[in-house]
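# Observations on the model geometry
What follows is each chain in one-letter form.
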Amino acid sequence: MKNKIITESINGCADLIFNNFKNLLSKKNKINIALSGGRTPIPVFDILSNYNLDWERIIFFLVDERDYKQLNHSNYHNLKVSFFDKIKSKSNEFFIKNKGLNSSVLNYDKLIKKKVKLKNNIPCFDFIFLGMGDDGHVASIFPNTPAQKNFTDIICKNFVPKFDSYRLTFTFPLILNADKLFLLISGKNKLDKIKNLKSKDPINYILKKSKNINVINIK
């Protein structure tokens, strides 16, 4: 792969992210950040919650989400407990429990377009944080699922056969339009995977197309 992999400890990764946030806050009044809720990013943001930042000037969104009706946990809940509840910042919940998937997609689409600046006529986040599954999925874009071919919408619902359920997810156009991407991986399996990607792997498309992605292997 052409992208350089940076190896950091969890604390080193938190330091790196903090410095990026602090630098951008010195230039802008508010910044918009989208987070993934997988196992790898959460410990990093748990540590980051202890850093002294003007959190009220940061607005957080979610990259993807589960259908709460089918599972009793969610990305938002996991991030809320480990991060959002510890800082003074606005965070936006992707899934609307009482309205379902279709209404949630429409609502989040409108919210992002209202809150996030446009670049190339597409909302442009200051930072998007991604994780990667052992199968090469990114966000909730899984191999051989409809979202992998959706280049029209900025977010969509995506049926994932391996879980027999729908997920809500950012699409490739929205992810790739961010000013800066961070891909956080951890463990030998994921490090081996990212060094031996296949063309069908969704993360492979991101790595090939993005010119501003930071790949961080957390040890």
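Residues numbered from 1 in each chain as written. Predicted model: local features only at pLDDT ≥ 70, side-chain atom pairs only at ≥ 80, totals over all residues. Heavy atoms only, no water.

So, on to the pairing of strand β3 (residues 58-62). In terms of residue burial, β3 counts as a mostly covered element, since five of its five residues are buried. On β3, burial covers both faces: I58, F60 and L62 on one face and I59 and F61 on the other are all buried. Pairing of β3 with strand β5 (residues 90-91), which is carried by two bridges, proceeds in the parallel orientation. Across the sheet, residue F60 finds its bridge partner in β5, namely S91. (Buried < 20%, exposed > 50% of the residue type's maximum accessible area, 1.4 Å probe, protein only. Helix = DSSP H or I, 4+ residues; strand = E, 2+ residues; numbered from the N terminus. Pairing = 2+ DSSP bridges.)

Let us look at the sheet that holds strand β4 (residues 64-66). What the three strands build is an open sheet, ordered β4-β10-β9; its pairing is antiparallel. Single-partner strands in this sheet number two, and they are β4 and β9 (155-160). Across the sheet, the mean angle from the axis of one strand to that of its neighbour is 25°, orientation sign disregarded. Where β9 and strand β10 (residues 165-170) come together, six bridges link them in antiparallel fashion. The residue bridging N158 from the neighbouring strand is R167, located in β10. Together, β9 and β10 form the strand contacts of helix α4 (residues 100-115), whose direction differs from that of β9 by roughly 145°. (Axes fitted to C-alpha atoms, helices over the stretch in contact; angles between N-to-C directions. Contact = heavy atoms within 4.5 Å.)

Here seven strands make up an open sheet; going across it, the order is β1-β12-β11-β8-β2-β3-β5 and the pairing parallel. Both outer strands of the open sheet, β1 (5-8) and β5, are each paired with one neighbouring strand and no more. Of the pairings in the sheet, the one linking strand β8 (residues 127-130) to strand β11 (residues 180-186) comprises four bridges and is parallel in character. Counterpart to L130 in the pairing with β11 is L183. Against the sheet, α4 contacts β2 (31-35) and β3, and its axis sits at roughly 150° relative to β3.

Right, let's talk about a positive patch on the surface for a bit. Together, K30, K90, K114 and K115 line one region of the surface with positive charge. Here K114 shows up in helix α4. Residue classification places K114 among the exposed positions, given a relative accessible area of 68%. (Patch = residues over 30% accessible without salt bridge, like charges linked within 9 Å, V, L, I, M, F, W, Y side chains within 5 Å. Areas by Shrake-Rupley, 256 points an atom, 1.4 Å probe, with all protein chains shown as cover. Salt bridge = Lys/Arg side-chain N within 4 Å of Asp/Glu carboxyl O. Lys, Arg positive; Asp, Glu negative; His and termini not counted. Charge placed at Lys NZ, Arg CZ, Asp CG, Glu CD.)

How two aromatic rings sit relative to each other is given by the distance of their centres and the angle of their planes. Within this structure, the stated rule accounts for 23 aromatic pairs. Judged by centre distance (5.7 Å) and plane angle (35°), the rings of Y76 and F84 are tilted. Accessibility assignment for this pair places Y76 and F84 in one class, buried. Pairwise contacts between aromatic rings join F21, F45, W55, F60, Y76, F83, F84, F127, F129 and F182 into one cluster. Lying over the aromatic face of Y166, K157 brings its terminal NZ or CZ to 4.9 Å of the ring centre. (Phe/Tyr/Trp six-rings, centres within 6.5 Å; stacked < 30°, edge-to-face > 60°. Lys NZ or Arg CZ within 6 Å of the ring centre and 35° of its normal.)

Shape descriptors only; they carry no functional weight alone.
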